[in-house]
Structure formats: C-alpha cells, structure tokens
Amino acid sequence: MYQSKLQSFISKVQQHKSVVLVGPMAKSFPTDWPQLPVMGVDGGCNKAPLERYDFTLGDGDSLAPALVLDLLFPTDKDASDLSLALQHLPAGAITIHLYGFWGGRFDHQVINLGELHARLTQEGGKVFFHTDSEYQVVGLPAGRHSLSLQGVFSLFSPLSTLFSISGDCRFPLAPTQVPSLSSRLLSNEGHGEVIIDADQAFFCYTRNP
C-alpha cells in the first residue's frame, strides 16, 4: 500500500524540486514552506499529526508508540534512517531542507554530513541544515556559487577540494587545494556577495539570513 503513497510523494518532490525532511531532533513541525512536500523520518513524525506528512519512514526507535509509519525498517540495519530517507527521494538536483538533524550525538551528526555530501556529489542540488542557533549549514555541489554572506562563515568538505573565494569577504583565496576538513577555511567574514568555486561538494557554516 505504501508504494502508491511513496509515488505520490516522489511526484510532488519532482514538481517542486524541493523537499522538507523532519528528523528526531526537531522541536516542532516546520511551517516555513507550507507548499513543499514533507517526509517524516522516524521520531520526526512525533511533531504533528501524521496527515501533515506526505510520507513517513524509519525504524521506529524514536517514534511515539501509537504511531504507524508508512515504511517501517528493522532496527538492526546497516544504514541510518536519514540514509534510507535519501534513498527514497527522486534522483536529480533538488533542494533538501533538514529539520531535526543537527545536534544530538556527535557520531550521528558527522555521519549525517557524510550522507548529504554523497547525495550532493551524486545528484547535485542544495542542502540546508536548519538549526536552533543563529547559524545554519548549507551544502552545495561542485561548481561556482554566489552566496550572500554577512558575518562569520566557514567552508569545509570531507574530501580534499580545490577552492577559490572572491567577492565581498575579508579573506579571498586564489585557487588552492585545501585538505579535507582543514582549518584553512575557518572563520572567514562576508560582507555581501561572495563567490565560491569548488571542485567537490562542500558545506558552508554561516549565519541564518
């Protein structure tokens, strides 16, 4: 039965080229983009009545006992709930808004970044980790990107990456091969439009707009 609901969800994602994923660390159901399809990922389904989600999945380990997911996985599995959620999104470049996937256990946090980096590398698109702080994390594919940045920002990638930075920032950078997770791109400062070139997918830690 879940197949028809999943296909309807996928069609809606393809139509909007965007999706909202609600995870276990979310404090409330996001209402920023009411027109976008929403996938509830395990405990993220606790935040609102199930009819507000276009599709739900997970292994149930952080789910309220009375709730029934559209697609239930065994708890003994070799992929995270986020990984399984990404596998059920359509191929191609889409924008992914993530609520409830930042914070909590450090190992989960690092692996979430790894799963999203793989998605960006394979499919392109954009990723937004929405957090409860004044900062957010934006994931971008390889290529040239023009970002409006105000205040401190840092760039990082789990892979060695050829970066260049220009535009309205404190520390421009000529094309430089930057090792994975290097402090070289820590704590730059933006004052407007910043142009970033990268030959690998990467993340930008920056203030919320």
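Computed from a predicted model, the values in this text were never measured in an experiment.

### Examining the overall build of the chain
A count of helices and strands for the chain gives three helices and twelve strands. What you see for the chain is a C-alpha radius of gyration of 18 Å, in line with the 17 Å of a compact globule of 209 residues. By the burial criterion, 49% of the 209 residues in the chain qualify as buried. For the chain, the accessible area works out to roughly 10,400 Å², and carbon and sulfur atoms hold 53% of it. Averaged over its 14 positive side-chain charges, the chain has a centre that lies 5 Å from the centre of its 20 negative ones.

### Comments concerning empty space enclosed by the protein
Taken as a whole and assessed by the stated rule, the structure comprises one cavity of 30 Å³ or more. Quantified by volume, the largest cavity comes out at close to 40 Å³. Looking at the largest cavity, the residues that line it are Leu155, Phe156, Ser157, Leu159, Thr161, Phe163, Val178, Pro179, Ser180, Leu181, Ser182 and Leu185. Class assignment of the residues belonging to the lining of the largest cavity gives a composition of eight nonpolar, four polar and no charged.

### A short note on the pairing of strand S9 (residues 161–169)
Where S9 and strand S10 (residues 173–178) come together, four bridges link them in antiparallel fashion. Opposite leucine 162, over in S10, you have glutamine 177 as the bridge partner. In this structure, the hairpin formed by S9 and S10 is closed by a connection of three residues. In the sheet, S9 pairs with strand S11 (residues 188–198) via six bridges, with the strands oriented antiparallel. The partner of phenylalanine 163 across the bridge, within S11, is alanine 198.

### Considering the packing of aromatic side chains
Inspection of the entire model under this criterion finds seven aromatic pairs. Geometrically, the ring pair formed by phenylalanine 156 and phenylalanine 203 is stacked, given 5.5 Å between the ring centres and 25 degrees between the ring planes. Within this pair, whereas phenylalanine 156 is found in strand S8 (residues 143–156), its partner phenylalanine 203 is found in strand S12 (residues 202–207), the two being separated by 47 residues in sequence. Accessibility assignment for this pair places phenylalanine 156 and phenylalanine 203 in one class, buried. Linked through ring pairs, Tyr2, Phe9 and Phe55 together constitute an aromatic cluster.

Conventions used here
Residues numbered from 1 in each chain as written. Predicted model: local features only at pLDDT ≥ 70, side-chain atom pairs only at ≥ 80, totals over all residues. Heavy atoms only, no water. Helix = DSSP H or I, 4+ residues; strand = E, 2+ residues; numbered from the N terminus. Rg over C-alpha atoms; globule rule 2.2 N^0.38 Å. Buried < 20%, exposed > 50% of the residue type's maximum accessible area, 1.4 Å probe, protein only. Areas by Shrake-Rupley, 256 points an atom, 1.4 Å probe, with all protein chains shown as cover. Lys, Arg positive; Asp, Glu negative; His and termini not counted. Charge placed at Lys NZ, Arg CZ, Asp CG, Glu CD. 1 Å grid on protein atoms, 1.4 Å probe; cavity = no way out; pocket = protein on both sides within 12 Å on 5 of 7 lines; lining within 4 Å. Points joined across faces, edges and corners; volume = space filled by probe spheres on them. Nonpolar A, V, L, I, M, F, W, Y, C, P; charged D, E, K, R; others polar. Pairing = 2+ DSSP bridges. Phe/Tyr/Trp six-rings, centres within 6.5 Å; stacked < 30°, edge-to-face > 60°.

Distances and angles like these do not, on their own, reveal function.
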